[in-house]
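Spelled out, the chains give:
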Amino acid sequence: MKRTKRLLSAVLAAAMALSLPFTALAAGSNTSAEDYGSYLDFPQFRGATMLQGVVDSKTPTSADEIEEKWKNKYGGGAWSYCGTPIIVGDYMYTMGTSAGTLNRISLATGEALKSVSCEGGSQFFSMMGYGDGKLFLPRQVGSQVVVYAYDEQTMEMLWKSEPIGAPEDSTQPLSAVTYYEGYIYVGASNGNGDAGAYACFSTKDEDLSKTDEVKQAVWQYSPESGQKGYYWSQGAIVNNAIVFGGDASELVIHSLTDDTVYDRYDLGKGAIRSAVHYDAETGRVFAATKDGYLCSIKINGDNTFDKSSVKSIQLGNNITSSPVVFKGRVYVGGGGQGSAAPFSVVDAETLDVIYQIDSIQTQSSPIISTANATEENGWKVNLYVTDYKTSVLYRITDSQNQTAQSEPDYITLVTPSVTQYCTQTVAMDPDGNIYFYNDSGNMFAFGFNEDNVQKGVYTAQDVDNSIRLAESGGAVTLNDEFAVKRIKARYDALSTAEQAKVTGLDELNAMLARIDELKDENAVIAELNETLQDLVVADVTLAD
């Protein structure tokens, strides 16, 4: 009886907490002492987990304002290419020419500032990640994939994972790491996609006395039948779940931290060899397939698929570019090995093609810069992809005003000093510099030339434009947290004089305060749900 009364008291307390008003911040005040600097990093393939494929950096848009800053060769050969780079603070991290090297690279010069050895091979398509102060490296050790964790500051090894997949599998590290709130999610596959798994690991270093402790998976998932590989896969966080797809053409909604599958859906449109993308505005996840389809499906609030909402359109064949969505438009590349699919711009609700660019042949995933987007210019964005055969960098400009009747706005922005085949997606730093490597093994850095370097500098007007963009989506939700905090990081980086020119600071602080309120409300609801689960109704009597 005492336990029942305690539970009832907890329920009442939680209900009262939900009914209490939250204290609003004074206009112009900071919401907390949180360090927002990390919101400007590019910590994994396609950038930030909660804003995949979308950056706010002021990037070069014309050939006369960009130059190659440096190139350096960190790789060569299928077992020692440098892998997709990530950016943390002032550094790039990537694999080295030696099959067992992790490098910290100066963004300014391309010089390797520190190198440490690590076990295994990086493979050609290795896609590392960062979070929780750690670097996560998927490596091939023997015939299996193992993830190694390194301290980002000291570059000392902290732990390694158990192998991903069944013991008899022979797999490769071909999937991108996704970090989210103390956990990483990553897959493995063999070249045919018929072996592999998708796995979750806690990032916590449980045994500080060891550097080689073996981390057990929180969960591992493989399809019940058919293809089991996760080749070029990357998951998307939706609500309190992760959605991912693989060679089985199956989309999976999985619990973040429990071995629970909420739902599955077989698209039946060929292998998914790209990242799954979630668009909060439409409530849909988008996936491209090897059979050349772009597919989308809504996700319900209970972490199930709305199977009546499935849409698909065939854009060509053999698409391995990852889709990205901005303001009702889906962007996805096409072309590359065995493909002649065009670059496509598609309506996110209907999947009707708005227009296509046949001459852009790319396997890379588009990265969008929203730095120039305003209501006055139709929310104009610039997208960046690499050419499959030559590795030239394309800039594509799009807006809500662009239609099938308009001439597509795109140019060859810059050609690397060493051209080669290229499947790579670019990484971008906060100053608008662009990084990628091609099959020559060279890593390249491109940015504004000396005459135009100020074009990459954020100003009060840029912060105000970002605030207006955030407001254009309607009432702020927790899906907006990353974007809003990234604006705060931009504001914090301004000089005192430039901060004083920002006119939308009150609106920014109001959005930050609302996000704090929503997080508090969610915490209370979670506690209430946990309490209700513990409450045994039969224990309650009228005497209570």
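Residues numbered from 1 in each chain as written. Predicted model: local features only at pLDDT ≥ 70, side-chain atom pairs only at ≥ 80, totals over all residues. Heavy atoms only, no water.

Participant: How would you summarise the sheet that holds strand β15 (residues 219-221) if you had to cite specific residues and measurements?
Facilitator: Across the sheet, 4 strands lie side by side as β11-β12-β13-β15; this open sheet has antiparallel pairing. Where the open sheet ends on each side, the last strands, each with one partner, are β11 (178-180) and β15. Averaged over neighbouring strand pairs, the angle between their axes works out to 20° when direction is ignored. Note that β11 and strand β12 (residues 183-189) share 3 bridges and pair antiparallel. If you follow Y179 over to β12, its bridge partner there is I184. (Pairing = 2+ DSSP bridges. Helix = DSSP H or I, 4+ residues; strand = E, 2+ residues; numbered from the N terminus. Axes fitted to C-alpha atoms, helices over the stretch in contact; angles between N-to-C directions.)

Participant: Describe in detail the packing of helix α2 (residues 460-471) against helix α3 (residues 481-493), supporting the description with residues and values.
Facilitator: The N-to-C vectors of α2 and α3 enclose an angle of 165°; their axes lie 10 Å apart at closest approach. When the axis of α2 is compared with that of α3, the two are roughly antiparallel. Two packed elements cross with a definite hand, and for α2 against α3 that hand is left-handed. Contacts from V463, S466, I467 and A470 of α2 reach α3 at I487, R490 and Y491. The residue inventory of the contact of α2 with α3, partitioned by class, reads 5 nonpolar, 1 polar and 1 charged. (Parallel < 35°, antiparallel > 145°, perpendicular 65-115°, else oblique. Left-handed = near helix turned anticlockwise from the far one by under 90°. Contact = heavy atoms within 4.5 Å. Nonpolar A, V, L, I, M, F, W, Y, C, P; charged D, E, K, R; others polar.)

Participant: Requested: an account of unusual backbone geometry, with residues and values cited.
Facilitator: With phi around 60°, M155 is a residue other than glycine that occupies positive phi space. Position of M155 among the secondary structure elements: in the loop between β9 (144-151) and β10 (157-161). Owing to a relative accessible area of 2%, M155 belongs among the buried residues under this scheme. Its identity as a non-glycine residue notwithstanding, N239 has a phi of 55°, on the positive side. Here N239 is to be found in the loop between β16 (236-238) and β17 (241-245). Classification of N239 by relative accessible area gives partly exposed; the value is 44%. (Buried < 20%, exposed > 50% of the residue type's maximum accessible area, 1.4 Å probe, protein only.)

Participant: Account for α2, naming residues and giving values.
Facilitator: Side chains of residues three or four places apart in an α-helix project in the same direction, reflecting 3.6 residues per turn. For α2, with 12 residues, the first-to-last C-alpha span of 17 Å sits near the 16 Å given by 1.5 Å per residue. If you check which residues of α2 are buried, you get A460, D462, V463, D464, N465, S466, I467 and L469. (Expected span 1.5 Å × (residues − 1).)

Participant: Describe the environment of R490, naming the residues involved and giving the relevant values.
Facilitator: Take R490: it is sitting in helix α3. The class for R490 is buried, based on a relative accessible area of 6%. Sequence spacing of R490 and S466 is 24 residues, and the spatial spacing of their C-alpha atoms is 9.4 Å. In contact with R490, other than residues within four places in its own chain, are L40, D56, S57, P430, Y458 and V463.

Participant: If you had to explain the pattern of salt bridges to someone new, which residues and values would you point to?
Facilitator: Per the stated rule, a full pass over the model turns up 20 salt bridges. Notably, a salt bridge pairs E67 with K69, separated by 3.3 Å at the nearest N-O pair. What makes E67 partly exposed here is its relative accessible area of 31%. Residue classification places K69 among the partly exposed residues on the basis of a relative accessible area of 36%. Notably, a salt bridge pairs R264 with E250, separated by 4.0 Å at the nearest N-O pair. Linking R264 in strand β19 (residues 261-266) with E250 in strand β18 (residues 250-255), this pair joins segments that are 14 residues apart in sequence. Taking the relative accessible area as the measure of exposure, E250 reaches 12% and is therefore buried. Here the salt bridges do not stand alone but share partners, grouping D56, R486 and R490 into one network. (Salt bridge = Lys/Arg side-chain N within 4 Å of Asp/Glu carboxyl O.)

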